[in-house]
Amino acid sequence: MSTTTTLDIVPFLSQQSQLWKACGIRGLFPLEKIPGMISLLAGRPNPSTFPFESLTMKLKPDLAGMPSSTVEGEDPFTITMDGDDLNEALQYGMTAGVVRFISWMENFQTHVHKRVADGSWSVTVGSGSQDLMHKACVALVDEDDSVMLETPVYPGTLGFMAALPGTLIEVNADTQGLNPTHLESVLTNWESTHPGKRFPKLLYTIPSGSNPTGTSIPEARKIEVLKLAKKYNFLILEDDAYAFLYYGPEGQQARSYFALEGEINGEIGRVVRFDSFSKVLSSGMRLGFMTAPPALASVVNMITSNTNLQPATLTQIMAYNILSRWGPDGFLAHCKGVAATYRARRDAFEGVARKHLEGLAEWTTPVAGMFLYIKLLVDEDTDSAALISGKAVEKGVLAVPGAAFMPLGGKTPYVRVSFSLIEEGPADEACRRLAEVVREAREEKAT
Ligand SMILES: Cc1ncc(COP(=O)(O)O)c(C=O)c1O
């Protein structure tokens, strides 16, 4: 019978992580939960002074997930927060998040990723997933460390990664997401390309509907990546911000790295997963969650307790009230509805893009997320940055040049366009203008 081992993440923690000390006040918060304890601890404001009597949320009936149970007489689309619930929501709370909200997500992770709650992982809430990714990287990366980034990469991550002390290593993505063959070649050639340097400690990847490429990595590739992670002993930071926006064929969404690691490697604890509520509940609520080995979570919490103290209690309790009414399947049903909206927008955008850009540009049709990564076909040497900041702006069309997604810089012919908000009319005009830019650039090259 095969046994599953649990990776000890402690040797991966950075020296920096040791410098964060438990906050003298917040470190004592858990003791307040001991029955009978009288707390004189925190300088919490008195909630009777807050101006809110109650807060009522009215959910959109056409988008809401089906309630898992309906209390008789209760309107399933109206949720009122008042009394103790509201007082808690308006108050300082636990560093890692509201306990019942965390429990909801831990159950959800078990439901979706089939990972039993065996103590090898826990959920931590953040002010968006980005907050947690940054803190996790601070907890992991030292000056002599190397971090592999799926390239092109989301600039939000690049922004803080570039400010970390380690070295950034590009690993190419292609039309099917992260390319394991390139990953393997980076690793097998490591000693000759980086003599004397330790093997990379981390791989950061966006497996579903990547920002910017729109691609989703198939399960077979994930398996190759997981095997390499074990062989070369690196952690996988799985930034799955667009996982809930899957609109590809029913039943064919690849399982997550978090779901697969035990089965593939006979080992758990190498994958640190980041989920985001930004695209399916609200980006302004600033809620994301990290599923990670407790030793890493505890450093992240230490950083939180010394920086922003905690994620917002109010939005956590708002989200909890909605999610607990929906249940995991109701939430997934809601996500499916959201994803269907993006599929329709993708179809509409691709329709006008094909009409104007056929032969002038190419892209991979996404099955998740909100981006097309368009290659402008001018010549071998096309630099989209020059074209976009010059001609395209003059013509009144704005897109993000691919250079913004390249950790080490360099020229690229790609531009990222988002179809999340744009209506068909303006999209049609935008593609027409982009086509003019490419045509004129071609003519200029020809003269
Ligand atoms: C790939 C990726 N990861 C993370 C984030 C940040 O998500 P959050 O709003 O949860 O911080 C974004 C936001 O656009 C993103 O595109």
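Residues numbered from 1 in each chain as written. Predicted model: local features only at pLDDT ≥ 70, side-chain atom pairs only at ≥ 80, totals over all residues. Heavy atoms only, no water.

Bringing the domain arrangement of the protein chain into the picture now. Frequently, the measure chosen for interface size is the accessible area removed from exposure when the parts meet. The domains assigned to the protein chain are domain 1 (11–50 + 75–328) and domain 2 (335–446). Across the domain 1/domain 2 interface, buried area totals approximately 2200 Å², and carbon plus sulfur atoms make up 67% of it. Inspection of the domain 1/domain 2 interface yields one salt bridge. Of the charged contacts in the structure, one is a salt bridge between Lys336 and Glu250, with a shortest N-O distance of 3.0 Å. Where domain 1 meets domain 2, there are ten residue pairs in polar contact (both at pLDDT 80 or more). (Domains from an automatic or database assignment. Buried area = accessible area lost by both parts, 1.4 Å probe. Salt bridge = Lys/Arg side-chain N within 4 Å of Asp/Glu carboxyl O. Polar contact = N/O pair within 3.5 Å; in protein donor to acceptor, adjacent residues only side chain to side chain.)

Now for the site of the ligand. In the neighbourhood of the ligand, 14 residues make up the surrounding shell, with Ser129, Asp239, Tyr242, Ser276 and Ser278 lying closest. Within the side chain of Tyr242, a nitrogen or oxygen atom sits 2.6 Å from an oxygen atom of the ligand. The separation between an oxygen atom of the ligand and a polar side-chain atom of Arg286 is 2.8 Å. For the ligand, whose accessible area on its own is 400 Å², the fraction buried by protein is 92%. Here the element with the most residues in the shell around the ligand is helix 3 (residues 129–140); it accounts for three residues. Here the shell around the ligand is built from residues that sort into five nonpolar, six polar and three charged. (Near = heavy atom within 4 Å. Areas by Shrake-Rupley, 256 points an atom, 1.4 Å probe, with all protein chains shown as cover. Helix = DSSP H or I, 4+ residues; strand = E, 2+ residues; numbered from the N terminus. Nonpolar A, V, L, I, M, F, W, Y, C, P; charged D, E, K, R; others polar.)

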